[in-house]
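What the coordinates show
What follows is the residue order along each chain.
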Amino acid sequence: MRVAIVGASGAVGQELLRILDERNFPLDDLVLFGSSRSAGNKYKFKGKDYEVKLLQHNDEFKDIDIAFTSAGAGTSKDFLETITKYGAVMIDNSSAFRMDDDVPLVVPEINPEDALSRPRGVIANPNCTTIMMVVVLNPIEKLSHIRKIHVASYQSASGAGAAAMQELQQQYKEIVETGKAVTINKFPHQLAYNVIPQIDKMTENDYTKEEVKMFNETRKIMHSDVRTSATCVRVSSLRSHSESVWFETEQPLSVEEIRNALQGAPGVTLVDDPQNYVYPMPLESAGKDDVYVGRVRKDLADDNSCTLWLTGDQIRKGAALNAIQIAEYLIASPGRL
């Protein structure tokens, strides 16, 4: 088993390395690729140093079985044929192929079998906010079909990459130590001591691309006609996203039914004792694999609706872990890799 990571020096690439090690992923060789900026960097994996190669259009993917790509949509589109032409399965973390009809969009807790049909050799990893939401809502969908979702996301700096996390830390330092104007490169406004109600570019209907992704990707992953209305907000936490979710089901569900469904759901940890101030928070979900959920309650405005709060590590389950779980499913499916 030969595995490649494209974008090895980025936040997700580094998380892929950590999780492959933690889960003792069955690989025999590892090849790292990156841009001209990161080529030559060395990273240790299982006691051995690996040097990042410059990503080029050549035959270096000839013997690769699985390639995890996390270098942006433009790079994924440009290198799709180069990566897959000799049979490597490309598990892509960008938005490049998510809504293509001939590319499966997979969350292993929900639709792993979709990964088995990949005519172009690529499997898409969904948007981080979508992944965490559907992992929590899927066990509820099994109780009664979810017709509508309203969601407000509270997304950390990690969602914009390693440089964005560094910028947030730098902004706090600049404010506290110098009192001068802060550095703003990765966000449209100052993020420190602030929230920004815009993630990604605005579309013509004044929803951002991030919000539109949640509408479209949720339907594709869950094979559902559900409609999602989202407001995505960047907040000044460093790592882990959170979401406040309202959902309407065909049949009314009790809080007890929902809690019971979540209690045994794969990839979910229920943390729900609000009377004693026990609920999930991003500080606690950072570095964890599961999506944490709490504040489950009936919607006071709709008898068929309930609401809940969730939080999860954007770099892990929202990106690297989900991709590795897809690969593990393929390996466990005889003749499918």
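One structure accompanies this document, and this report is about it. (Residues numbered from 1 in each chain as written. Predicted model: local features only at pLDDT ≥ 70, side-chain atom pairs only at ≥ 80, totals over all residues. Heavy atoms only, no water.)

Moving on, we come to the state of the cysteines. Applying the stated criterion across every chain, the model contains 0 disulfides. As a non-bridged cysteine, cysteine 128 has cysteine 232 as the owner of its nearest cysteine sulfur, 8.7 Å distant. Using a relative accessible area of 0% as the deciding quantity, one classes cysteine 232 as buried. (Disulfide = S-S within 2.5 Å. Buried < 20%, exposed > 50% of the residue type's maximum accessible area, 1.4 Å probe, protein only.)

Pairing is mixed in the open sheet, where 6 strands are placed in the order 10-9-11-14-13-12. Two strands in the sheet have a free side with no partner beyond their single neighbour: strand 10 (227-234) and strand 12 (268-270). Sheet twist, expressed as the mean angle between neighbouring strand axes with direction ignored, is 25°. As paired strands, strand 11 (residues 241-249) and strand 14 (residues 305-312) are joined by 8 bridges and run antiparallel to one another. The residue bridging tryptophan 246 from the neighbouring strand is threonine 307, located in strand 14. Across the sheet, helix 3 (residues 128-141) lies against strand 9 (146-155), strand 10, strand 11, strand 12, strand 13 (291-298) and strand 14, angled at about 40° from strand 11, the strand it touches most. (Pairing = 2+ DSSP bridges. Helix = DSSP H or I, 4+ residues; strand = E, 2+ residues; numbered from the N terminus. Axes fitted to C-alpha atoms, helices over the stretch in contact; angles between N-to-C directions. Contact = heavy atoms within 4.5 Å.)

What follows deals with the packing of aromatic side chains. Inspection of every chain in the model, using the stated rule, returns 5 aromatic pairs. Judged by centre distance (6.4 Å) and plane angle (70°), the rings of phenylalanine 25 and phenylalanine 68 are edge-to-face. Placement of phenylalanine 25 in the loop between helix 1 (11-22) and strand 2 (29-34) and of phenylalanine 68 in strand 6 (residues 66-69) is noted, with a sequence separation of 43 residues between them. For phenylalanine 25, a relative accessible area of 2% corresponds to the buried category. Taking the relative accessible area as the measure of exposure, phenylalanine 68 reaches 1% and is therefore buried. Look at tyrosine 172 and tyrosine 193: their rings are 4.8 Å apart centre to centre, the planes differ by 85°, and that puts the pair in the edge-to-face class. With a gap of 21 residues between them, tyrosine 172 in helix 4 (residues 162-177) and tyrosine 193 in the loop between helix 4 and helix 5 (209-222) connect regions that are remote in the sequence. (Phe/Tyr/Trp six-rings, centres within 6.5 Å; stacked < 30°, edge-to-face > 60°.)

What follows covers the side chain of glutamine 314. Within the secondary structure, glutamine 314 sits in the loop between strand 14 and helix 8 (316-331). Glutamine 314 sits in the buried class, given a relative accessible area of 7%. One polar contact links glutamine 314 to serine 158, side chain to side chain, over a distance of 3.2 Å. In contact with glutamine 314, not counting residues within four places along its chain, are Cys128, Ser158, Gly159, Ser240, His241 and Ala319. (Polar contact = N/O pair within 3.5 Å; in protein donor to acceptor, adjacent residues only side chain to side chain.)

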